[in-house]
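Architecture at a glance
Next come the chains, spelled out residue by residue.
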Amino acid sequence: MFKTFPEFSPLTLNDREAYESYMIHHPPLSDLSFATLMIWWNLANDIKVSTLNHNLVMSYHLPGDKRNSGLSLIGTHEIDTSIKTIFKELQHRQEPARLVHVPEFVVGCIEHPQHFSIAEEPDYHEYIIPVANFFPLEGIKSSRRWKVNKFLQSVAGKKIDIRSVDLADRKERQELITAMEQWGDKSGRRGFDMEGPAMQTTITKGALLGMRNLSIYIDNVLCGFVLFQVTRDGKYLIANHICVDYQLPRIFDYVTYICAKWAAEHDIPYLNFEMDLGLLGLREHKQNLGPIDFFRKYTIEPHR
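Note that the structure is a prediction, hence the values are computed from the model and not measured. (Residues numbered from 1 in each chain as written. Predicted model: local features only at pLDDT ≥ 70, side-chain atom pairs only at ≥ 80, totals over all residues. Heavy atoms only, no water.)

Okay, the overall build of the chain next. A tally of regular secondary structure across the chain gives nine helices and 14 strands. Since a compact globule built from 304 residues should have a radius of gyration of about 19 Å, the 20 Å found for the chain is in line with a globular shape. Projected onto its principal axes, the C-alpha coordinates of the chain cover approximately 65 × 40 × 35 Å. The buried share among the 304 residues of the chain stands at 49%. Long-range contacts, defined here as pairs at least 24 residues apart, represent 70% of the contacts in the chain between residues at least 6 apart. Carbon and sulfur atoms make up 48% of the accessible area of the chain, which amounts to about 14800 Å² in all. Charge centroids of the chain, computed over 34 positive and 38 negative side chains, lie 4 Å from each other. (Helix = DSSP H or I, 4+ residues; strand = E, 2+ residues; numbered from the N terminus. Rg over C-alpha atoms; globule rule 2.2 N^0.38 Å. Buried < 20%, exposed > 50% of the residue type's maximum accessible area, 1.4 Å probe, protein only. Contact = heavy atoms within 4.5 Å. Areas by Shrake-Rupley, 256 points an atom, 1.4 Å probe, with all protein chains shown as cover. Lys, Arg positive; Asp, Glu negative; His and termini not counted. Charge placed at Lys NZ, Arg CZ, Asp CG, Glu CD.)

What follows is about the packing of aromatic side chains. One pass over the full model with this rule turns up 16 aromatic pairs. Arranged with centres 5.9 Å apart and planes meeting at 45°, the rings of Tyr 19 and Phe 34 form a pair that is tilted. Linking Tyr 19 in helix H1 (residues 16–23) with Phe 34 in helix H2 (residues 34–39), this pair joins segments that are 15 residues apart in sequence. By relative accessible area, Tyr 19 is classed as buried at 1%. According to the relative accessible area criterion, Phe 34 is buried, its value standing at 3%. Ring centres of Tyr 254 and Tyr 257 lie 6.1 Å apart, and the angle between their planes is 40°; on these two criteria the pair is classed as tilted. (Phe/Tyr/Trp six-rings, centres within 6.5 Å; stacked < 30°, edge-to-face > 60°.)

Attention shifts here to the nonpolar core. Within the largest apolar cluster, 64 residues are counted, with the highest numbers of intra-cluster contacts made by Leu 11, Tyr 19, Ile 83, Ile 86, Leu 99, Phe 225 and Ile 300. In terms of nonpolar packing, the next biggest core, distinct from the first, is built from 33 residues, Val 131, Cys 223, Ile 242 and Phe 252 among them. (Core = buried A, V, L, I, M, F, W, Y, C linked by side-chain atoms within 4.5 Å.)

It is a general feature of regular strands that their side chains alternate between the two faces of the sheet. Strand E5 (residues 99–103) sits mainly inside the fold: five of its five residues count as buried. Bridging between E5 and strand E14 (residues 297–302) involves three bridges; their strand directions are antiparallel. When the sheet's bridge partners are listed, Val 102 is paired in E14 with Tyr 298. (Pairing = 2+ DSSP bridges.)

The strand order E8-E9-E10-E11-E12-E7-E13 describes an open sheet built from seven strands, whose pairing is mixed. The outermost strands of the open sheet, each flanked by one partner alone, are strand E8 (160–163) and strand E13 (293–295). Ignoring strand direction, the axes of neighbouring strands in this sheet form an average angle of 30°. Sheet topology places strand E10 (residues 221–230) next to strand E11 (residues 236–244); seven bridges connect them, and they run antiparallel. Residue pairing for E11: Val 230 is matched across the bridge by Leu 237. Strands E8, strand E9 (212–218), E10, E11 and strand E12 (270–272) of the sheet are contacted by helix H8 (residues 251–265), whose axis makes an angle of about 155° with E11. (Axes fitted to C-alpha atoms, helices over the stretch in contact; angles between N-to-C directions.)

For the chain, the average pLDDT comes to 94, and 97% of its residues sit at 70 or higher. Of the regions scoring below 50 in pLDDT, residues 187–192 engages in 11 contacts with residues more than four places distant in sequence or in other chains. (pLDDT = per-residue confidence, 0-100.)

One can find Phe 8 in the segment before strand E1 (9–10). The class for Phe 8 is buried, based on a relative accessible area of 15%. Once the C-alpha coordinates of Phe 8 and Asn 213 are considered, the two residues, 205 residues apart in sequence, prove to be 33 Å apart.

This brings us to the side chain of Asn 272. Along the chain, the position of Asn 272 falls in strand E12. Within the structure, the side chain of Asn 272 is placed 2.7 Å from the backbone nitrogen of Glu 274, a separation counted as a polar contact. Residue contacts for Asn 272: discarding those within four places in its chain leaves Ser 30, Glu 126, Tyr 127, Ile 128, Leu 237, Ile 238, Ala 239 and Phe 295. (Polar contact = N/O pair within 3.5 Å; in protein donor to acceptor, adjacent residues only side chain to side chain.)

Time to look at the packing of helix H5 (residues 142–154) against H8. The geometry of H5 relative to H8 is characterised by a closest axis approach of 8 Å and an angle of 110° between their N-to-C directions. The orientation of H5 relative to H8 falls into the category roughly perpendicular. Two secondary-structure elements touch here, H5 through Lys 147, Val 148, Phe 151 and Leu 152 and H8 through Ile 251, Asp 253, Tyr 254 and Tyr 257. Looking at side-chain class alone, the contact of H5 with H8 contains six nonpolar, no polar and two charged residues. (Parallel < 35°, antiparallel > 145°, perpendicular 65-115°, else oblique. Nonpolar A, V, L, I, M, F, W, Y, C, P; charged D, E, K, R; others polar.)

Bringing the pattern of salt bridges into the picture now. Counting across every chain of the model gives nine salt bridges. When the shortest N-O distance is used, the salt bridge between Glu 89 and Arg 93 registers 3.1 Å. Residue Glu 89 is classed as buried on the basis of its relative accessible area, which comes to 18%. For Arg 93, a relative accessible area of 32% translates into the label partly exposed. Arg 283 is the partner of Asp 276 in a salt bridge, and the nearest nitrogen-oxygen pair spans 2.8 Å. Judged by its relative accessible area of 0%, Asp 276 is buried. Overlapping salt bridges bring together Asp 31, Glu 126 and Lys 297 as one network. (Salt bridge = Lys/Arg side-chain N within 4 Å of Asp/Glu carboxyl O.)

What follows is the structure, encoded as C-alpha cells:
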C-alpha cells in the first residue's frame, strides 16, 4: 500500500500489481504504464507515488530537466480539492504550485476550471496511429509502401528472420545491448541523451516489466529490433523503442511495418508512438505517420 500524501512511497518493481490495480479503470497512456514509469521516469531511481482522495500523486522527475519534472495527479475523485491540497503543500515547501503531465481524463473531471490555469503540453502528447496506416502494404500510403518495398529489394536473396528474443536470457539480452551501442556509434543519431539508458533498462528489466520484442535478422545478423508493450485492453501497442542499423537504408520503415503487421495479426488496432519531446525532427516524422488522435497532457497552475 502506498503512503498518503504528502508522504511518498518509492515505486519499485515489487509494486507492479498494486500500481496496476489503481490504473485498471483509466485510459492506457504510455506514461501511466508501469513499464514506462520504470523505463523512462525512474532513470535516477527516485520515482515516487502517494495516494490522495483515492487518486495517485506521481512524482515525475527527469535528470537535469527541472521544467518537465514535478508532481502529477492521476484519478477521477475530488479533483479540484486534490489539486488545491497539492498546491498548498508545494507552497508550504516554498516550491512552485504546479502540476505537470496531467492526463486529459483528469482535467475533464475538474468541476471549476476557472480556478486554475490549464495549458496543453504538446511535447508530451502521445501519438495514436492506426495500424492500418502501415499494414497491409497494399492499402497504405504509396510513399510508405515504396520505402518498405525498396528495403525488401535491397535484401533480395538474403534470409530475413523475425523472432522474439528471450529477455529473461542474459546472453540474448546482451546481444541487443551490444547492437544498440554499435548502431548508436555508427549512426550518430542517438540525439536524446536519455534514450540509451532507457533502452538498456527496457532490455535488462524487460522480462519483469512484461515487455515484448521483435528482432530482425538478415543472414543471421541482428539488424534491428523493436521493444514494445501491449495495453491491458488489447487496443494499443506502445512502441517504446525502435533501434536499427542505419547503414541499411529504409530499415527503420521496415521495422515499423513489421511492428504493425504483428499488431494486426493480434487484433490490435492502434499504435502508440509516444511523445516527441519537442524535438522538431521527431515531431515532423511522427506527424507524417498520420496520427488520428493523441493522449493529451496538461500543466495546471493556480489561476492568475
